[in-house]
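Overview (structure and organization)
Below, each chain spelled out in residue letters.
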Number of protein chains: 2
Amino acid sequence: MNTTHEVLDFVHDGHKRYLPHLSIDCVIFGYHQHQLKILLIRYHAHTKWSLPGGFIARDETLTQAASRILAEKTQLNDLFLRQFHTFGDSPTRLNELGARQVHNITYSKVGVTIDQNNWLADRTLSIGYYALVDYLDVVVKPEFLVDEYCWRDVNDIPPLLFDHNEIIETALLTLRSQMYQQPIGYNLLPDKFTLPEIHALYETILGRQFDRRNFRKKLLTLGLIRQLAEQKKIGPHRSPFLYEFDSDTYHRSLEEGAVLGF
Amino acid sequence: MNTTHEVLDFVHDGHKRYLPHLSIDCVIFGYHQHQLKILLIRYHAHTKWSLPGGFIARDETLTQAASRILAEKTQLNDLFLRQFHTFGDSPTRLNELGARQVHNITYSKVGVTIDQNNWLADRTLSIGYYALVDYLDVVVKPEFLVDEYCWRDVNDIPPLLFDHNEIIETALLTLRSQMYQQPIGYNLLPDKFTLPEIHALYETILGRQFDRRNFRKKLLTLGLIRQLAEQKKIGPHRSPFLYEFDSDTYHRSLEEGAVLGF
């Protein structure tokens, strides 16, 4: 929605094109050299930040909806979004009044008031999706209703709208537990990478430090990475071996339920 | 719903009490001595089986809804239901006509026809929950609309209604991948169990065989189980050591993102 006309149409007739009661929120993790951040947006006239989110069109799949919503709110395209949890337990997901107040502030930009019969005032559950990108590689362009955006460190997230803090916590827990089971982060490293590079990625995302030799051994045992004969030329006395992700082994292991290498 | 009156009220006025467009389906895994089964129900007048499912009341949390739905459809109470995925991608989740035809067969028992304006004819996404029980420990009592139920082996699931086969496949993949990260199955074994007992549980759920000594070493390394000094007296020459789940270590590991023992 990039014009007043589009927003007014959405408020008044959106329920004809979108499913009510159900939204999608996107947790976009941004990694770069020892930093892990999350993309937040601030809707018009709000003091609190929130996650980019939106509604599911009646004729699109859930996966299509997640990609479209992220693209509309941020202009980010072609991210690999993974669904991780659907949120419907917190008080803010039961309290319809809360949603109405929040929308009233946002839509003050176009001068409309959300009355209690408007579809946007209904109780709404939210399906969470996450993606992991290099935040220096992407350009965010917020839409009409969004006043600004920021990349905020995962250890410094302020109180957000609705239950978005809980959504981020769950996303982070999911990302961390899946780091060991899936080649997450392959898009954040060059095709061939050094041990220090992948070690830094894992330490940053997991938020803790661990011994580099044990780490190497573990990833090799799990079949997540493979050591190459090739070495990287850094200087006369520094030429570390290169590694690559081993997605074949990973997928076979997962299918066989043998991720831990029984 | 256990009377004609209740069912008629649900068909005509259910949208006032329940959120439209959103259902919950439950995959109940039943384990007993080397067998892994799934609870299926057959709605009135249908030839195909399906998963027990239902709708979310407007004033209850998602977690409350999942427990209530399972209890209503099967009389199973107090199961630890875990949410695993929300389904909205398959053609059957986009095709509203499909839902209407299925409901028309079911509700033929009370003589009503679902017209295309009825809330049950709307496109419906489904949130999947799963639980793992000993199927000999539970008594299933299907409700009014359900003609019969069965426990079907995971390797012998027939074509089901809607996308329920896909829901089961996803549930099984989730269960299998979480076996290594969480003390799943602690309710299927005695508090103190032998190595052969937990080995059989894992082999059955993972659907494959693996070396018992490596398995023991791996679970001990992960901190999932702890060996006790106590031994089980089976006979004069058989007294295997007993083990117990170590949920403290597990929870600490998960929080620290150190499930694999870095």
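What you are looking at is a predicted structure, and each value in this text was computed from that prediction instead of being measured.

Calculation rules
Residues numbered from 1 in each chain as written. Chains lettered and ligands numbered in written order. Predicted model: local features only at pLDDT ≥ 70, side-chain atom pairs only at ≥ 80, totals over all residues. Heavy atoms only, no water. Helix = DSSP H or I, 4+ residues; strand = E, 2+ residues; numbered from the N terminus. Buried < 20%, exposed > 50% of the residue type's maximum accessible area, 1.4 Å probe, protein only. Contact = heavy atoms within 4.5 Å. Lys, Arg positive; Asp, Glu negative; His and termini not counted. Charge placed at Lys NZ, Arg CZ, Asp CG, Glu CD. pLDDT = per-residue confidence, 0-100. Salt bridge = Lys/Arg side-chain N within 4 Å of Asp/Glu carboxyl O. Domains from an automatic or database assignment. Buried area = accessible area lost by both parts, 1.4 Å probe. Polar contact = N/O pair within 3.5 Å; in protein donor to acceptor, adjacent residues only side chain to side chain. Nonpolar A, V, L, I, M, F, W, Y, C, P; charged D, E, K, R; others polar. Pairing = 2+ DSSP bridges. Axes fitted to C-alpha atoms, helices over the stretch in contact; angles between N-to-C directions. Core = buried A, V, L, I, M, F, W, Y, C linked by side-chain atoms within 4.5 Å. Disulfide = S-S within 2.5 Å.

As for the overall build of chain A
Each helix and strand in chain A was counted, giving 7 helices and 9 strands. When burial is assessed residue by residue, chain A has 56% of its 262 residues classed as buried. Considering only contacts within chain A whose residues lie at least 6 apart along the sequence, 71% involve residues at least 24 apart. Counting 28 positive and 32 negative side-chain charges, chain A places the centres of these two groups 6 Å from one another.

Let's talk about the confidence of the model for chain A
Summary statistics for chain A give a mean pLDDT of 89 and a share of 94% for residues scoring 70 or more. Scored below 50 in pLDDT, residues 257–262 of chain A shows 23 contacts in the model against residues more than four places distant or in partner chains.

Concerning the pattern of salt bridges
Residue and element names in this part refer to chain A. This model, assessed by the stated rule, comprises 27 salt bridges over all chains. For arginine 17, the salt bridge is made with aspartate 9, and the minimal N-O distance between the two is 3.0 Å. Classification of arginine 17 as partly exposed rests on a relative accessible area of 38%. Judged by relative accessible area, aspartate 9 falls into the partly exposed class, the value being 29%. In this structure, a network of salt bridges that share partners links the residues Asp25, Arg93 and Asp163.

Observations concerning the domain arrangement of chain A
All names here are of chain A. Domain annotation of chain A identifies domain 1 (4–178) and domain 2 (193–255). Once you take the C-alpha centre of each, domain 1 and domain 2 turn out to be 34 Å apart. Taken together, the contacts link 7 residues of domain 1 with 6 residues of domain 2. Taken over both partners, the interface formed by domain 1 and domain 2 buries close to 620 Å², and the fraction arising from carbon and sulfur atoms is 70%. For domain 1, the biggest contributors to the area lost against domain 2 are Tyr31, His34 and Arg176; these three give 73% of the whole. On inspection of domain 1 and its partner domain 2, the count reaches 0 salt bridges. Our enumeration of links across domain 1 and domain 2 arrives at 2 residue pairs in polar contact (both at pLDDT 80 or more). Where the side of domain 1 that touches domain 2 is concerned, the elements lending two or more residues are strand S2 (35–43) and helix H4 (164–178).

What to know about the interface of chain B and chain A
In this complex, chain B contributes 38 residues to the contact, which on the side of chain A involves 38 residues. Summed over both partners, the interface of chain B with chain A buries about 3700 Å², with 62% contributed by carbon and sulfur atoms. At the boundary of chain B with chain A, the tally comes to 0 salt bridges. Counting across the interface, chain B meets chain A through 18 residue pairs in polar contact (both at pLDDT 80 or more). Mapped onto the side of chain B that touches chain A, the elements with two or more residues apiece are strand S1 (18–32), strand S3 (53–57), helix H2 (62–74), strand S4 (82–87), strand S5 (125–134) and helix H6 (212–222) of chain B. For the side of chain B that touches chain A, the residue count by class is 19 nonpolar, 11 polar and 8 charged.

A look at the sheet that holds strand S9 (residues 241–245) of chain A
Residue and element names in this part refer to chain A. The 3 strands lie next to each other as S7-S9-S8, forming an open sheet whose pairing is antiparallel. The strands lining the two open edges of the sheet, one partner per strand, are strand S7 (193–194) and strand S8 (225–231). One ladder, built from 2 bridges, connects S7 with S9; its direction is antiparallel. Its bridge partner lying in S9, phenylalanine 193 is registered against tyrosine 243. Contacts from helix H6 (residues 212–222) reach S8 and S9, with the element oriented near 110° to S8.

Brief notes about the pairing of strand S4 (residues 82–87) of chain A
Residue and element names in this part refer to chain A. The element S4 is largely enclosed, with a buried count of 5 among its 6 residues. Sheet topology places S4 next to strand S5 (residues 125–134); 5 bridges connect them, and they run antiparallel. Bridging across to S5, threonine 86 finds its partner in isoleucine 127.

Details of the nonpolar core
Counting 48 residues, the largest nonpolar core has Ile24, Ile28 and Ile56 of chain A together with Ile24, Ile28 and Ile56 of chain B as its most contacted members. Only strand S1 (18–32), helix H2 (62–74) and S5 of chain A together with S1, H2 and S5 of chain B provide two or more residues apiece to this core. The contact partners of isoleucine 56 of chain A, leaving out residues within four places of it in the chain, are Arg17, Tyr18, Leu19, Leu22, Ile24, Leu62, Ala65, Arg68 and Ile127 of chain A together with Arg123 and Leu125 of chain B.

Structural notes on the state of the cysteines
Each disulfide is one covalent bond, formed between the sulfur atoms of two cysteines. Residues and elements named next belong to chain A. Overall, the coordinates contain 0 disulfides over all chains when judged by the stated rule. Cysteine 26 supplies the cysteine sulfur nearest to cysteine 150, a cysteine that is in no disulfide, at a spacing of 16 Å. Exposure remark for cysteine 150: the relative accessible area of 17% places this residue in the buried category.

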